[in-house]
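Coordinates in review
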Amino acid sequence: MLMTTTATIEGRPVAQYLGVVTGEVIVGANIFKDLFASVRDIVGGRSGAYENSLRDARETALKELADEARALGADGVIGIDLDYEVLGAQGSMLMVSASGTAVKLG
């Protein structure tokens, strides 16, 4: 499955547009991650726990997007857009969504 944020794939013309596909993931913040992240924020540095959670959520959203495209018979997804949104009363959840256009390539 070829997947790109661009509207075209060089050397591979679009033979058929199959429709918009999406993948969404919502992850909740863990109290222990929050505690360790706040300690890192005080002393400086990066929060590896949050970075890993974010990376996993993004990869899962892209996998769901590809699975949905495959189910339509696509061999590519173009124009992929990734969005990140904080949800919940205290911003305790993160939503990662991926959307794009499923295509059959020539």
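Since the model is a prediction, treat every value here as computed from it, not as a measurement. (Residues numbered from 1 in each chain as written. Predicted model: local features only at pLDDT ≥ 70, side-chain atom pairs only at ≥ 80, totals over all residues. Heavy atoms only, no water.)

Along the backbone of the protein chain there are 2 helices and 4 strands. Traced from its N-terminal end to its C-terminal end, the protein chain shows the element sequence β-β-α-α-β-β. Scored against the burial criterion, the 106 residues of the protein chain give a buried share of 23%. In the form shown here, the protein chain has an accessible surface area of approximately 6600 Å², with 56% of it arising from carbon and sulfur atoms. (Helix = DSSP H or I, 4+ residues; strand = E, 2+ residues; numbered from the N terminus. Buried < 20%, exposed > 50% of the residue type's maximum accessible area, 1.4 Å probe, protein only. Areas by Shrake-Rupley, 256 points an atom, 1.4 Å probe, with all protein chains shown as cover.)

In this section: the pattern of salt bridges. The full count for this structure, using the stated rule, is 2 salt bridges. D67 serves as the salt-bridge partner of K63, at 2.7 Å between the closest nitrogen and oxygen. Placement of the pair is K63 and D67 together in helix α2 (residues 48-71), with a separation of 4 residues, close to one helical turn. Note that D67 is salt-bridged to R70, the shortest N-O span being 3.1 Å. Within this pair, D67 and its partner R70 are both found in helix α2, separated by 3 residues, close to a single helical turn. The class for R70 is partly exposed, based on a relative accessible area of 46%. (Salt bridge = Lys/Arg side-chain N within 4 Å of Asp/Glu carboxyl O.)

A word on the side chain of S97. Its location among the elements puts S97 in strand β4 (residues 93-105). Not counting chain neighbours up to four residues away, the residues in contact with S97 comprise G23, E24, D81, L82 and D83. (Contact = heavy atoms within 4.5 Å.)

Here we take up the nonpolar core. In this structure, V21, V25, A57, A61, L65, A69, A74, V77, I80, V96, A98 and A102 together form the largest nonpolar core, which totals 12 residues. Counting residues per element, the ones that place at least two in this core are β2 (14-28), α2, β3 (76-87) and β4. Of the residues forming this core, the biggest block, 4 residues, is contributed by α2. Ignoring anything within four residues of it in the chain, the contact list for A102 reads Q16, Y17, L18, G19, V21, A69, L72, A74, G76 and V77. (Core = buried A, V, L, I, M, F, W, Y, C linked by side-chain atoms within 4.5 Å.)

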